[in-house]
Amino acid sequence: SAVDNALWDLKGRLFGQPVLQLLGGAAHEAIAVYGSGGFTSYPVERLQRQLGGWAEQGFTRVKMKVGREPMNDVARVRAAREAIGHGVALFVDANGGYSRKQALMLAERFAACHVSWFEEPVHGHDTDGMRLLRDRAPAGMDITAGEYGYGLSDFLRLAEARAVDVLQADATRCGGLTGFLRAAALAQAFQLPLSSHCAPALHVHACCAVPNAVHLEWFHNHQRIERLLFDGAPQPVGGLLAPDLSRPGLGLDVK
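If you're wondering where the values come from, they're calculated on a predicted model, not measured in any experiment.

Peer 1: Which residues make up the overall build of the protein, and what values go with them?
Peer 2: In terms of regular secondary structure, the protein is built from 10 helices and 11 strands. Computed over C-alpha atoms, the radius of gyration of the protein comes to 18 Å, within 12% of the 18 Å expected from 2.2 N^0.38 for 255 residues, which places it in the range of a compact globule. Projected onto its principal axes, the C-alpha positions of the protein cover 55 × 40 × 25 Å. Across the 255 residues in the protein, those meeting the buried criterion constitute 54%. Partitioning the intrachain contacts of the protein with sequence separation of at least 6 by distance along the chain shows that 70% fall at a separation of at least 24. In the protein, 25 side chains carry a positive charge and 26 a negative one; their mean positions are 2 Å apart.

Peer 1: If you had to explain empty space enclosed by the protein to someone new, which residues and values would you point to?
Peer 2: For the coordinates displayed, the defined rule picks out 1 cavity of 30 Å³ or more. There is about 40 Å³ of room inside the largest cavity. Contributing to the lining of the largest cavity are Ala201, Val204, His205, Gly232, Pro234, Pro243, Asp244, Leu250 and Gly251. In the lining of the largest cavity, the residues fall into 5 nonpolar, 3 polar and 1 charged.

Peer 1: Tell me what's going on with the pairing of strand S6 (residues 166-169), and back it up with residues and numbers.
Peer 2: Both faces of S6 are covered, namely the face carrying Val166 and Gln168 and the face carrying Leu167 and Ala169. Of the pairings in the sheet, the one linking strand S5 (residues 142-145) to S6 comprises 2 bridges and is parallel in character. Looking across to S6, one finds that threonine 144 is bridged to valine 166. Handedness of the β-α-β unit built from S5, helix H7 (residues 152-160) and S6 comes out right-handed. A crossover links S6 with its parallel partner strand S7 (residues 194-196), the connecting element being helix H8 (residues 176-189), and its sense is right-handed.

Peer 1: Describe the packing of H7 against H8, listing the residues and the values that go with them.
Peer 2: Put simply, H7 and H8 touch, their axes get as near as 10 Å, and they point 20 degrees apart. The pairing of H7 with H8 is recorded here as roughly parallel in orientation. The element H7 and its partner H8 pack so that their crossing is right-handed. Each of Leu152, Phe155, Leu156 and Ala159 in H7 lies in contact with H8, whose residues at this interface are Arg182, Ala183 and Leu186. Along the lines of polarity and charge, the residues of the contact of H7 with H8 split into 6 nonpolar, no polar and 1 charged.

Peer 1: Hey, could you go over H7 for me, with residue numbers and the actual values?
Peer 2: Of the residues making up H7, those classed as buried are Asp154, Phe155, Leu158 and Ala159. Each buried residue of H7 sits inside an arc of 130 degrees when the element is viewed along its axis, so together they form one side. Opposite the packed face of H7, turned more than 90 degrees from it, sit the exposed residues Ser153 and Glu160. Against S5, S6 and H8 lie the buried residues of H7. Looking one or two residues past H7, arginine 162 carries a phi angle of roughly 50 degrees, positive in sign.

Peer 1: Report on the packing of aromatic side chains, specifying residues and quantitative values.
Peer 2: For the structure on display, the rule yields 8 aromatic pairs. Ring centres of phenylalanine 110 and phenylalanine 118 lie 5.6 Å apart, and the angle between their planes is 70 degrees; this geometry places the pair in the edge-to-face category. With relative accessibility at 0%, the residue phenylalanine 110 sits in the buried group. Overall, phenylalanine 118 belongs to the buried group, its relative accessible area being 0%. Among the aromatic residues, those joined into a cluster by ring pairs are Tyr34, Phe91 and Trp117.

Peer 1: Residues and numbers for unusual backbone geometry, please.
Peer 2: With a phi close to 40 degrees, glutamate 120 is a non-glycine residue in the positive phi region. Tracing the chain through its elements places glutamate 120 in the loop between strand S4 (115-119) and helix H6 (127-136). Glutamate 120 gets classed as buried once you look at its relative accessible area, which sits at 4%. Phi is positive for arginine 162, close to 50 degrees, though the residue is something other than glycine. With respect to the helices and strands, arginine 162 occurs in the loop between H7 and S6. Among the residues examined, arginine 162 registers a relative accessible area of 40% and is labelled partly exposed.

Peer 1: Account for the packing of helix H9 (residues 200-209) against helix H10 (residues 220-229), naming residues and giving values.
Peer 2: Put simply, H9 and H10 touch, their axes get as near as 9 Å, and they point 100 degrees apart. Put simply, H9 runs roughly perpendicular to H10. Contacts between H9 and H10 involve Pro200, Ala201 and Leu202 on the former and, on the latter, His222, Gln223 and Glu226. Residues belonging to the contact of H9 with H10 are distributed by class as follows: 3 nonpolar, 2 polar and 1 charged.

Each value, and the rule that gives it
- Residues numbered from 1 in each chain as written.
- Predicted model: local features only at pLDDT ≥ 70, side-chain atom pairs only at ≥ 80, totals over all residues.
- Heavy atoms only, no water.
- Helix = DSSP H or I, 4+ residues; strand = E, 2+ residues; numbered from the N terminus.
- Rg over C-alpha atoms; globule rule 2.2 N^0.38 Å.
- Buried < 20%, exposed > 50% of the residue type's maximum accessible area, 1.4 Å probe, protein only.
- Contact = heavy atoms within 4.5 Å.
- Lys, Arg positive; Asp, Glu negative; His and termini not counted.
- Charge placed at Lys NZ, Arg CZ, Asp CG, Glu CD.
- 1 Å grid on protein atoms, 1.4 Å probe; cavity = no way out; pocket = protein on both sides within 12 Å on 5 of 7 lines; lining within 4 Å.
- Points joined across faces, edges and corners; volume = space filled by probe spheres on them.
- Nonpolar A, V, L, I, M, F, W, Y, C, P; charged D, E, K, R; others polar.
- Pairing = 2+ DSSP bridges.
- Right-handed = clockwise from strand over helix to strand, strands pointing away.
- Axes fitted to C-alpha atoms, helices over the stretch in contact; angles between N-to-C directions.
- Parallel < 35°, antiparallel > 145°, perpendicular 65-115°, else oblique.
- Left-handed = near helix turned anticlockwise from the far one by under 90°.
- Arc of directions from axis to C-beta.
- Phe/Tyr/Trp six-rings, centres within 6.5 Å; stacked < 30°, edge-to-face > 60°.

As structure tokens, then:
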């Protein structure tokens, strides 16, 4: 994955073109981002401050972690909703932390807080469990997975089983941007939206090039590290992220 990403960057530099142009041009001029953090180690005050801060910056979607202490999760989700108001979509990510029955119960309770995205409610390799959640989750709640897809067969398994409403892919794991594009094409063949996982500066070109990409994860730790290490790391405006087309390759230079 790292070598593939580096070669796309190198090709762009050699041709003096941004990677977006090498991928065929823009299907989207900018891609929506969702603020992602809300770690289970955060006290409620910090959770509210982080997610509420993104809402104030114009983000229309934010995501928090759940699953470490299931009995406390409903209260944490309720606190998050209070912080962001009712005009911002609230996503939760369990990282496979629940059993099937726990996930079903909590999906109903999260729905009362208008949670619209439930990521890896059970382990992502539990395809039957993911399908169960997708079939029985409340209306308006997307069941999502795919961040641990390393090869095309991982994405095909989720898509063929109709186990997700939105497929996720990560170019740092799935064979680089080349693998990401293959995952996007597979998702499109199954009429599934696609969302990228982490590494926003890497994914912004690909997400803007892919017609079925719906948003990009603005992961708290990754975007902070990108700004620390690189010149040219893109920053969202009004909840949207766009690549800098004046910079070749991925647009990043090590400081």
